[in-house]
Amino acid sequence: GVLIKGGEALEIAHKIDTVVFDKTGTITEGKPHLTDLICYEFDEEEMLGYAASAEKASEHPLGEAIVRAAQERGVVLQEVDHFESLTGRGLKAEVQGRTVLIGNRKLMREFNVDAAAADAEMKRLATAGKTPMLIAIDHKLSGIIAVADIIKQTSIEAIRAIKEMGINTVMLTGDNENTAKAIAQQAGIDTVLADVLPEQKAEKIKELQAKGNIVAMVGDGINDAPALVQADTGIAVGSGTDIAIESADIVLMQSDLTKVVTAIRLSRAAIRNIKQNLFWAFGYNVLGIPIAMGVLYPINGMLLDPMIAAAAMSLSSVSVLANALRLKRFKE
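Note that the structure is predicted; figures quoted are calculated from it, not measured.

Before going further, it helps to examine the pattern of salt bridges. In total, this model carries 13 salt bridges according to the counting rule given. Between E44 and R73 there is a salt bridge, with the nearest N and O atoms lying 3.5 Å from each other. Placement of the pair is E44 in helix α3 (residues 44-55) and R73 in the loop between α4 (61-72) and β4 (80-86), with a sequence separation of 29 residues. For R73, a relative accessible area of 47% puts it in the partly exposed group. Within this structure, D22, K201 and D224 form a network of salt bridges that share partners.

The structure is reproduced here in structure tokens:
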């Protein structure tokens, strides 16, 4: 279940002391669902209609959750004009002649929308591990829509195992800090880097490397690709995008983070095996070559018969090969 693209990736993986995880689709299922709808102006159905209509042109998992919730409730979606995705902030769209803004506080500040009335609710939702988004219609705060994603059970197991190996764990996400900390606490992650824009992910990896860390990045999305390339070892989740898989050194064929543990343990086992092989190969030669040269001849007249030398050389190769084949018994 683990595809390792080359020997270099296998060699580096045993040195990893920090594993950085993307959140959505990596730690979590990547299938968020609508949990809360708080309205300040319109009724729930009307506000959800505006939000889902605006989000239907978006490919973001959070947007898909809003559209799916609207469809389940039988809300009719309207045509959208002038859709614009605003990276790291949200989106802007024209729905039925109204300007719809959906996103974070940065987006509201950018368009001079006063969102102070939503601060307490935003904090409450984020602390519960949900991702709250502000909705403004015609530049006036209209409500909050919150979405939550379920943490994979295998993620919790994998993170616990990684920490037991003495490796630091980091979550890298564009979510706000309160939401990110709540998810990290549930997953058992040590450090949280939140409010990170997609183009900043590779920079965050560089910062960790500048501190002397050997970093593995685990991700699945297009915006993870630069960070996967920057990391000492890039690990892509097989259910992710093609560009993430292409950018990574190691690919997990299943969407299961316990395979990260498998990859690191396999690397450690392979390097240990290489060192054992080098030790025995050098040992044979360090002992055998001087005897073959006659170092013992002045002492006891001993010379090494060429047949014995050939047998010893063959034994050296066979022992190294046999030791290497023990890796076939490697268990997850």
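It is worth spelling out α3 at this point. Within an α-helix, residues lying three or four positions from one another point in the same direction, as the helix has 3.6 residues per turn. Given a rise of 1.5 Å per residue, twelve residues ought to cover 16 Å, and the 16 Å separating the end C-alpha atoms of α3 matches this to within 8%. Summarising burial for α3: nine of the twelve residues are buried, a large majority. Considered for burial, the residues of α3 that qualify are M47, L48, G49, Y50, A51, A52, S53, A54 and E55. Its side-chain oxygen at 3.3 Å from the backbone nitrogen of E45, D43 defines the N-terminal cap of α3.

Now for the pairing of strand β7 (residues 131-137). With seven of seven residues buried, β7 lies mostly within the body of the structure. Of the pairings in the sheet, the one linking strand β6 (residues 98-103) to β7 comprises four bridges and is antiparallel in character. Paired with L101 across the two strands is A136, which belongs to β7. The pairing of β7 with strand β8 (residues 140-148) spans seven bridges and is classified as antiparallel.

Basis of the calculations
Residues numbered from 1 in each chain as written. Predicted model: local features only at pLDDT ≥ 70, side-chain atom pairs only at ≥ 80, totals over all residues. Heavy atoms only, no water. Salt bridge = Lys/Arg side-chain N within 4 Å of Asp/Glu carboxyl O. Helix = DSSP H or I, 4+ residues; strand = E, 2+ residues; numbered from the N terminus. Buried < 20%, exposed > 50% of the residue type's maximum accessible area, 1.4 Å probe, protein only. Expected span 1.5 Å × (residues − 1). Polar contact = N/O pair within 3.5 Å; in protein donor to acceptor, adjacent residues only side chain to side chain. Pairing = 2+ DSSP bridges.

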